[in-house]
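Okay, here's what each chain looks like letter by letter:
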Amino acid sequence: QQPFLSVKDLKVHFSTEDGIVKAVDGLSFDLVKGQTLGIVGESGSGKSVTNLTILGLHDRDRTAIEGEILLDGKDLLTASERELERLRGNKMSMIFQDALASLSPYHTIGTQIGETYRKHTGCSKAEARKRAVEMLRRVGIPQPDMRVDDYPHQFSGGMRQRAMIAMALVCDPELLIADEPTTALDVTVQAQIMDLLKDLQQEFGTAIIFITHDLGVIADIADDVLVMYGGRCVERGTKKQVLGDPQHPYTLGLLNSMPSLKGSVDVPLTPIPGSPPSLLNPPSGCRFHPRCAFADKVAGNLCSSERPLLEVVEGRGSACHLTETQKQELFADFAATR
Ligand code: SF4
Ligand code: MG
């Protein structure tokens, strides 16, 4: 299957008062329709910036971008603001962590969903309202024909999140970018929203990029996984490969710092020491080296002097100087406890 979205060697650097921030530094991935790519990493790993860039929502004056972002064959990086606006909402749309920030308090839920639809289809107000009711029903809002006239503050947090999903999907976008959409919700509502997204994906064949810091969420929803650290991809593969057989010390660290994904084994949690790197002045060589437990296993200080390259074969790869044999030995404890 042809990729619907293809990102090639993307670099996003922006200028701040303190210097150039290399937020994304050479990222490539493909996504086909109906599939979910999970992008995981700590805050500041470049995952949100990547997606704002795909949507064309970055500050163009302050940002230097290299590479290619092809959506259905069209290069988004050379598209005009007008073209991007037409694509946003229609071909690609986004849901965020904070529904309140993307819904206006001054207009009813129905008006907001309907207006998005009207903008892209040019339909009548009556049709737009009908469509809004239908979308609210689809995302599981009870009595949608009544609730359509409510304002956002009359909805619970979970319902607002559903309304935002309804708004994002009202034009049947082929690409949905979900940036930590369930982080602020309690576990039950979180599970409901995830199920909803999976159902809608089944129904519409949407390609989804799901951004999160939570590997449990990745385990639930992703087909493929991309692990980001310091603006770079450090590991990628299918969900099964990355979560079941991690090949990068950072991924291993993430897995060891969260409750067992299987939930059956009582593994002690060990957080990764230190904090994410500054992208103003990133560490030399492997950007993870100041925090890596295995950096001293690689001869000749290679970890701090030379960037490990990401070599991808059939969608699987990791960027680390350790040899296969070393990884097998060093990561054995992980395998034993899972
Ligand atoms: Fe750790 Fe070195 Fe591998 Fe980086 S390259 S993850 S520092 S072992
Ligand atoms: Mg973010």
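Parameters at a glance
Residues numbered from 1 in each chain as written. Chains lettered and ligands numbered in written order. Predicted model: local features only at pLDDT ≥ 70, side-chain atom pairs only at ≥ 80, totals over all residues. Helix = DSSP H or I, 4+ residues; strand = E, 2+ residues; numbered from the N terminus. Rg over C-alpha atoms; globule rule 2.2 N^0.38 Å. Contact = placed C-beta atoms within 7 Å. Buried ≥ 20, exposed ≤ 12 C-beta atoms within 10 Å, placed from the backbone. Pairing = 2+ DSSP bridges. UniProt positions renumbered as here; feature names shortened; annotations may be inferred. Domains from an automatic or database assignment. Nonpolar A, V, L, I, M, F, W, Y, C, P; charged D, E, K, R; others polar. Near = placed C-beta within 6 Å. Axes fitted to C-alpha atoms, helices over the stretch in contact; angles between N-to-C directions. Parallel < 35°, antiparallel > 145°, perpendicular 65-115°, else oblique. Left-handed = near helix turned anticlockwise from the far one by under 90°.

## Quick notes on the overall build of the protein chain
For step 1, the next point in the chain: Scanning the protein chain from N- to C-terminus turns up 14 helices and twelve strands.
For step 2, the next point in the chain: For the protein chain, the C-alpha radius of gyration of 21 Å lies close to 20 Å, the compact-globule estimate for 338 residues.
For step 3, the next point in the chain: Taken along the three principal axes of its C-alpha coordinates, the protein chain extends 70 × 50 × 40 Å.
For step 4, the next point in the chain: Here the analysis covers contacts within the protein chain between residues at least 6 apart in sequence; of these, 64% occur between residues at least 24 apart.

## Focus on the environment of methionine 167
For step 1, the next point in the chain: Looking at the element boundaries, methionine 167 is found in helix H7 (residues 157-169).
For step 2, the next point in the chain: Residue methionine 167 is classed as buried on the basis of its 26 C-beta neighbours within 10 Å.
For step 3, the next point in the chain: Between the C-alpha atom of methionine 167 and that of aspartate 220, which follows or precedes it by 53 residues, the distance is 23 Å.
For step 4, the next point in the chain: Those residues in contact with methionine 167 that lie beyond four places of it in its chain are Gln112, Ile113 and Thr116.

## A closer look at the sheet that holds strand E5 (residues 74-75)
For step 1, the next point in the chain: Spatially, E2-E1-E4-E5 is the arrangement adopted by the four strands of the open sheet, whose pairing is antiparallel. The two strands at the open ends of the sheet, each matched to only one other strand, are strand E2 (19-31) and E5.

## Overview of the UniProt feature "domain: ABC transporter" (unreviewed entry) in the protein chain
For step 1, the next point in the chain: Here the UniProt-annotated "domain: ABC transporter" (unreviewed entry) positions come out as residues 7-255.
For step 2, the next point in the chain: Spanning residues 7-255, this segment combines 41% helix with 27% strand, and its end C-alpha atoms are found 26 Å apart.

## Regarding the domain arrangement of the protein chain
For step 1, the next point in the chain: Parsing the protein chain into structural domains produces domain 1 (5-91 + 173-337) and domain 2 (101-169).
For step 2, the next point in the chain: Placing the centre of domain 1 and that of domain 2 at their C-alpha centroids yields a distance of 31 Å.
For step 3, the next point in the chain: The leading source of residues in the side of domain 1 that touches domain 2 is helix H8 (residues 187-204), at five residues.
For step 4, the next point in the chain: Class assignment of the residues belonging to the side of domain 1 that touches domain 2 gives a composition of nine nonpolar, three polar and no charged.

## Here we look at the pairing of strand E3 (residues 36-40)
Two faces belong to every sheet, and in a regular strand the side chains alternate between them.
For step 1, the next point in the chain: Counted residue by residue, E3 has five buried out of five residues, so it is predominantly covered.
For step 2, the next point in the chain: Of the two faces of E3, the one holding Thr36, Gly38 and Val40 and the one holding Leu37 and Ile39 are both buried throughout.
For step 3, the next point in the chain: Pairing analysis gives five bridges linking E3 to strand E8 (residues 207-212), with the strands arranged parallel. Across the sheet, threonine 36 pairs through a bridge with isoleucine 208, a residue of E8.
For step 4, the next point in the chain: In the sheet, E3 pairs with strand E9 (residues 224-229) via four bridges, with the strands oriented parallel. Bridging across to E9, valine 40 finds its partner in valine 227.

## As for the site of ligand 1
For step 1, the next point in the chain: Surveying the vicinity of ligand 1 reveals 14 residues, the closest of which are Cys286, His289, Cys292, Cys303 and Cys320.
For step 2, the next point in the chain: Taken together, the residues of the shell around ligand 1 sort by class into eleven nonpolar, three polar and no charged.

## Quick notes on the pairing of strand E4 (residues 63-71)
For step 1, the next point in the chain: When strand E1 (residues 5-16) meets E4, the two strands line up antiparallel, connected through eight bridges. Bridged to serine 6 within E4 is leucine 70.
For step 2, the next point in the chain: The pairing of E4 with E5 spans two bridges and is classified as antiparallel. Along E5, the bridge assignment pairs leucine 71 with lysine 74.
For step 3, the next point in the chain: The hairpin turn running from E4 into E5, its antiparallel successor, is two residues long, and aspartate 72 in that turn takes a positive phi close to 55 degrees.

## Details of the sheet that holds strand E7 (residues 175-179)
For step 1, the next point in the chain: Read from one edge to the other, the open sheet built from eight strands follows the order E6-E7-E8-E3-E9-E10-E12-E11, with strand pairing classed as mixed. Here the strands that pair on one side only, and so sit at the sheet edges, are strand E6 (92-95) and strand E11 (311-313). In this sheet, neighbouring strand axes are inclined to one another by 20 degrees on average, regardless of whether the strands run parallel or antiparallel.
For step 2, the next point in the chain: Bridge count for E7 against E8 is five bridges, and the pairing is parallel. Considered in E8, the bridge of leucine 175 is made with alanine 207.

## A look at the packing of helix H5 (residues 125-138) against H7
For step 1, the next point in the chain: Between H5 and H7, the least distance of the axes is 9 Å, while the angle of their chain directions is 125 degrees. It follows that H5 is oblique to H7 by the angle criterion. Like other packed secondary-structure pairs, H5 and H7 cross with a definite hand, here right-handed. Between H5 and H7, the contacting residues are Met135, Leu136 and Arg138 on the first element and Ala163, Ala166 and Leu169 on the second.

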